[in-house]
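An overview of the molecular structure
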Amino acid sequence: MVEDTLNDAVQEDEVREDTLLEFPCDFPIKAFGPAISEFPELVMEMVRCHAPDTPDEALVCKTSSGGRYFSVTVNVRATSRAQLDEIYRMLTASELVTMAL
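Here goes a summary of the coordinates provided. These numbers were taken from a predicted model, which means no experiment stands behind them.

**Some remarks on the pattern of salt bridges**
Using the criterion set out here, one finds four salt bridges in the structure. When the shortest N-O distance is used, the salt bridge between Asp85 and Arg81 registers 3.2 Å. Note that Asp85 and Arg81 are positioned in helix H3 (residues 81-93) at a spacing of four residues, about one turn of the helix. The residue Arg89 makes a salt bridge to Glu86 at a minimum N-O spacing of 2.6 Å. Of this pair, Arg89 and Glu86 both sit in helix H3, three residues apart, which is roughly one turn of the helix. Its relative accessible area of 48% is what places Arg89 among the partly exposed residues.

Okay, structure coming up:
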């Protein structure tokens, strides 16, 4: 019994060491892609798959100096590292997302 408790504590410490973040926290997700009207909404839809309470106001979209790309930032209330990992997996799997940070 004591050994199980110690193992659980060690696993929790390993998880904590895996990230410097303390959850829940506000976290900016940034995605770059083509400057097409659907891109910001596409990014928001993907983020909301894993952070459904993200408000519309959390999205900021900027156009590149050449006008060919959008930089979309969505400020998410992150609840776990796994949640952020899933958001990044979804974004990077999209053919329209050039890069996600």
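Back to the text.
**Remarks on the pairing of strand S3 (residues 69-78)**
Across the ten residues of S3, seven count as buried, placing the element largely inside the fold. Strand direction decides the pairing type here: strand S1 (residues 25-34) and S3, joined by ten bridges, are antiparallel. The residue of S3 that forms the bridge with Pro34 is Tyr69. Sheet topology note: the strand S2 (residues 59-63)/S3 ladder contains five bridges and is antiparallel. Within the sheet, the bridge partner assigned to Thr63 lies in S3 and is Phe70.

**A word on the packing of helix H2 (residues 39-50) against H3**
Axis separation between H2 and H3 bottoms out at 9 Å; the angle between their running directions is 150°. In this structure, the crossing between H2 and H3 has a hand that is right-handed. Between H2 and H3, the residues in contact are Val43, Met46, Val47, Cys49 and His50 and Gln83, Glu86, Ile87, Met90 and Leu91, respectively. Taken together, the residues that form the contact of H2 with H3 break down as seven nonpolar, two polar and one charged.

What counts, and where the lines are drawn
- Residues numbered from 1 in each chain as written.
- Predicted model: local features only at pLDDT ≥ 70, side-chain atom pairs only at ≥ 80, totals over all residues.
- Heavy atoms only, no water.
- Salt bridge = Lys/Arg side-chain N within 4 Å of Asp/Glu carboxyl O.
- Helix = DSSP H or I, 4+ residues; strand = E, 2+ residues; numbered from the N terminus.
- Buried < 20%, exposed > 50% of the residue type's maximum accessible area, 1.4 Å probe, protein only.
- Pairing = 2+ DSSP bridges.
- Axes fitted to C-alpha atoms, helices over the stretch in contact; angles between N-to-C directions.
- Left-handed = near helix turned anticlockwise from the far one by under 90°.
- Contact = heavy atoms within 4.5 Å.
- Nonpolar A, V, L, I, M, F, W, Y, C, P; charged D, E, K, R; others polar.

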